[in-house]
Amino acid sequence: MKTSARNQFLGKVAAVKKGAVNDEIDLEILGGQKIVAIITRESTDSLGLRPGVEAYALIKASSVIIMTDDDGAKLSTRNRLAGKVSRVQPGAVNTEVVIELPGGGAIASIITHESAKALALETGKKASALFKASSVIIGVPN
Amino acid sequence: MKTSARNQFLGKVAAVKKGAVNDEIDLEILGGQKIVAIITRESTDSLGLRPGVEAYALIKASSVIIMTDDDGAKLSTRNRLAGKVSRVQPGAVNTEVVIELPGGGAIASIITHESAKALALETGKKASALFKASSVIIGVPN
Amino acid sequence: MKTSARNQFLGKVAAVKKGAVNDEIDLEILGGQKIVAIITRESTDSLGLRPGVEAYALIKASSVIIMTDDDGAKLSTRNRLAGKVSRVQPGAVNTEVVIELPGGGAIASIITHESAKALALETGKKASALFKASSVIIGVPN
């Protein structure tokens, strides 16, 4: 299987928190980082998700927000991966930004051209990738 | 009413599953396919959604993921519409991909240029459109 | 802290509705408008959100849908900000649209070029910005 989701992280399910309609899935990825996903309960069941199961997290580049100048402000996005900008590819309206993570992986984000300018993003700059738990798709190998 | 959501599917509510904050709505569309939406409970009430009610599902092109080479891997995305690529429109950073569905409709997706290349998308290629239940907006005619 | 989220609204928490996995947060912003956010329960706790607390709502431009010709149709998007188009910036695949709000603020949206044409968007035209409660990120100052 191949998907257009630019970001794919392989990991192991660390926890499953049950709700009435939605469940919260904690996935431990390379380097011990954690990705949190909110998926429907029916998906948890059909994918057979439980602690220890191997799974991957897919995140569209357009769901990722870039943060710089972190001064301790808190955000509701459950997922925050910190690293360094390794690529800035500008388009007419959007710009693609790639952040290299300490563990060796990378995360891509699509933001507006205006935002890229406002954040003065350039190679080597410290930045974090933020994404909501509800933006994460969980997959299991066949 | 007109919206910028590229994808709009008319259907009938088949089921409403209640949660504390969110509800799950099943919409049956043309050709018997099903679209699943997660919306807040308050919206279910204010829209008067219950089985049999006519409603439409709106999905932004940027919320749709394209999948090819389906080898049986499972994903948490509740919505999967399979068809054939009918259009690939490249931009500087993003590419628009349209998939024609067997029932006669079509679904548009915005993915990164890199992903379009990696998937080798071209007219006629088999592909699926995936989107999360939480990316679907439900509307009812006035 | 700086983020790439083009839309940021400062306000005060008006209500917190508790669910099993997700909570609903009502934020009152400038001019008395309300923004509704769905975030995980753990985020509500870690941010210390309760009525009266100052917080801001972040919304990515790509999460915003533009609506025109509002004829009373109802949608499940909990958030709807009405105003006038103040900018249309076309790209190859996407177009950026900015809507000026009566209270003095503005909201930016990224939509497909095709949608912008179909809606005949131009400066001065009445339009609404719609976004799902699940697309909103809540932040609190440090």
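Keep in mind that what you see is a predicted model, and the values were worked out from it rather than measured.

Let us now look at the overall build of chain A. Within chain A one finds 2 helices and 12 strands. Along the chain direction, N to C, the helices and strands of chain A fall in the order β-β-β-β-α-β-β-β-β-β-β-α-β-β. Against the compact-globule benchmark of 14 Å for 142 residues, chain A has a radius of gyration of 16 Å, which places it among compact chains. By principal-axis analysis of the C-alpha atoms, chain A measures approximately 45 × 35 × 30 Å. Buried positions account for 54% of the 142 residues belonging to chain A.

Moving on: the domain arrangement of chain A. Residues and elements named next belong to chain A. The domain architecture assigned to chain A consists of domain 1 (7-60 + 133-139) and domain 2 (61-131). For domain 1 versus domain 2, the distance between C-alpha centres works out to 22 Å. At the level of secondary structure, the elements contributing two or more residues to the side of domain 1 that touches domain 2 comprise strand E2 (7-17) and strand E4 (34-40). When its residues are assigned to classes, the side of domain 1 that touches domain 2 shows 7 nonpolar, 4 polar and 1 charged.

In screw terms, the move from chain B to chain C is a rotation of 120° and a rise of 0.0 Å along the axis, fitting with an RMSD of 0.0 Å. In the structure described here, the two chain copies are related by an operation that fits a three-fold rotation axis.

Criteria and cut-off values
Residues numbered from 1 in each chain as written. Chains lettered and ligands numbered in written order. Predicted model: local features only at pLDDT ≥ 70, side-chain atom pairs only at ≥ 80, totals over all residues. Helix = DSSP H or I, 4+ residues; strand = E, 2+ residues; numbered from the N terminus. Rg over C-alpha atoms; globule rule 2.2 N^0.38 Å. Buried ≥ 20, exposed ≤ 12 C-beta atoms within 10 Å, placed from the backbone. Domains from an automatic or database assignment. Nonpolar A, V, L, I, M, F, W, Y, C, P; charged D, E, K, R; others polar. Least-squares fit on C-alpha atoms with pLDDT ≥ 70 in both.

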